[in-house]
Amino acid sequence: MQTTDAPLKYLGPQWFALVMGWGGLALAWKRAGVLDEGALTASIAWGVSIVALLIYLAVFVLSIARVIRHPDGLREDLGHPVRYAFAGAFPVSTILLSAVSESILRWHGFAYGLFIAGLGVQLLVSVWVVSAWFRSGLKWPSI
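Keep in mind that this is a model prediction, so the values were computed, not measured.

Reading the values: the criteria
- Residues numbered from 1 in each chain as written.
- Predicted model: local features only at pLDDT ≥ 70, side-chain atom pairs only at ≥ 80, totals over all residues.
- Heavy atoms only, no water.
- Helix = DSSP H or I, 4+ residues; strand = E, 2+ residues; numbered from the N terminus.
- Axes fitted to C-alpha atoms, helices over the stretch in contact; angles between N-to-C directions.
- Parallel < 35°, antiparallel > 145°, perpendicular 65-115°, else oblique.
- Contact = heavy atoms within 4.5 Å.
- Phe/Tyr/Trp six-rings, centres within 6.5 Å; stacked < 30°, edge-to-face > 60°.
- Buried < 20%, exposed > 50% of the residue type's maximum accessible area, 1.4 Å probe, protein only.
- Core = buried A, V, L, I, M, F, W, Y, C linked by side-chain atoms within 4.5 Å.
- Left-handed = near helix turned anticlockwise from the far one by under 90°.
- Salt bridge = Lys/Arg side-chain N within 4 Å of Asp/Glu carboxyl O.
- Patch = residues over 30% accessible without salt bridge, like charges linked within 9 Å, V, L, I, M, F, W, Y side chains within 5 Å.
- Areas by Shrake-Rupley, 256 points an atom, 1.4 Å probe, with all protein chains shown as cover.

> Any chance you could explain unusual backbone geometry here in plain terms?
Glycine aside, residues mostly have negative phi angles, and peptide bonds mostly take the trans form. Here R106, not a glycine, exhibits a phi torsion of approximately 60°, which is positive. Take R106: it is sitting in the loop between α4 (89-105) and α5 (108-135).

> Explain the packing of helix α2 (residues 39-69) against helix α3 (residues 71-79) here, please?
Packed helices, taken two at a time, are described by the angle their axes make and the gap between the axes. For the pair α2 and α3, interaxial distance at closest approach is 5 Å and the crossing angle is 105°. As far as their axial angle goes, α3 and α2 are roughly perpendicular. Here R66, V67, I68 and R69 of α2 come into contact with α3, specifically with P71, G73, L74 and D77.

> Explanation requested: the packing of aromatic side chains in the structure shown.
Given two aromatic rings, one states the distance between the centres and the angle between the planes to describe the pair. Counting across every chain of the model gives 6 aromatic pairs. Pairing F60 with F90 gives two aromatic rings, centres 5.9 Å apart and planes at 20°, and the pair type is stacked. Of this pair, F60 sits in helix α2 while F90 sits in helix α4, placing them 30 residues apart in sequence. Here the aromatic rings of W107 and F110 are separated by 5.8 Å at their centres, their planes lie at 75°, and the arrangement is edge-to-face. In this structure W107 comes out as partly exposed when scored by relative accessible area, which is 34%. The structure contains a cluster of three or more aromatic residues connected by ring pairs, namely F16, Y56, F60 and F90.

> What is the right way to read the nonpolar core from this model?
Most often, soluble globular proteins have nonpolar side chains that are buried together. In terms of nonpolar packing, the biggest core is built from 10 residues, these being F16, V19, A52, L53, I55, Y56, V59, A89, L97 and L114. Sequence-distant contacts of F16, defined by excluding residues within four places in its chain, comprise Y56, V59, F60, S63, A89, F90 and S93. One finds A26, A45, I104 and L105 within the second-largest nonpolar core, a separate group that totals 6 residues.

> What should I look at first to understand the environment of R31 in this one?
Mapping R31 onto the fold places it in helix α1 (residues 17-36). On the basis of relative accessible area, R31 is assigned to the exposed category, the value being 57%. Taking C-alpha positions, R31 is 18 Å from I95, a pair spaced 64 residues apart along the chain.

> Honestly, the packing of α2 against α4 in this entry has me stumped. Any pointers?
Axis separation between α2 and α4 bottoms out at 10 Å; the angle between their running directions is 150°. The orientation of α2 with respect to α4, classified from their angle, is roughly antiparallel. Viewed along their axes, α2 and α4 form a crossing whose handedness is left-handed. From α2, A45, W46, S49, I50, A52, L53, Y56 and F60 reach across to α4, where they touch F90, S93, T94, L97, V100, I104 and L105.

> Can you help me understand the pattern of salt bridges in this one?
Pairing is possible between side chains of opposite charge, provided their charged atoms come close. Going through the model one piece at a time under the given rule, you end up with 4 salt bridges. The salt bridge partner of K9 is D72, with a shortest N-O separation of 3.4 Å. Taken together, the residues span a long stretch of sequence, with K9 in the segment before α1 and D72 in helix α3 at a distance of 63 residues. When its relative accessible area of 30% is taken as the criterion, D72 is described as partly exposed.

> Would you mind going over a nonpolar patch on the surface with me for this structure?
Side chains of W15, L18, W22, L25 and V51 sit close together on the surface and give an oily, nonpolar patch of about 410 Å² of accessible area. With 3 residues, α1 is the single largest residue contributor to the nonpolar patch. Among the structural elements, V51 can be located in helix α2. Here V51 falls in the partly exposed class, since its relative accessible area comes to 31%.

Following this line, the structure appears as structure tokens:
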């Protein structure tokens, strides 16, 4: 019998790529505002930033629920030869959201905390991915 939260099992870290897209769009609108100094572009940048933040929060909360309810789904993602590469989407989106928070929203303390958290997780993910390459038999010159 299938449970109602079965789709949650397949919510992989690649969903954080949405945050990267919206965050990049917000920063692009911020940059467009530099060119014309218009209130409209600043408002659009701010609105797109809030959308990026809301998507991040939604995917983050759902990802925590996934880890609690379906830890095997996360293990499958991290053990898959292609999907494991998306583990970096979470820390990269966190770092990008820190840039959005600093540059557009002016939430300095929040941005700093996000940056430090994202940086720490990115370091762990990078070490994990490179060590997985070595465990698979890949040699240093191949990297």
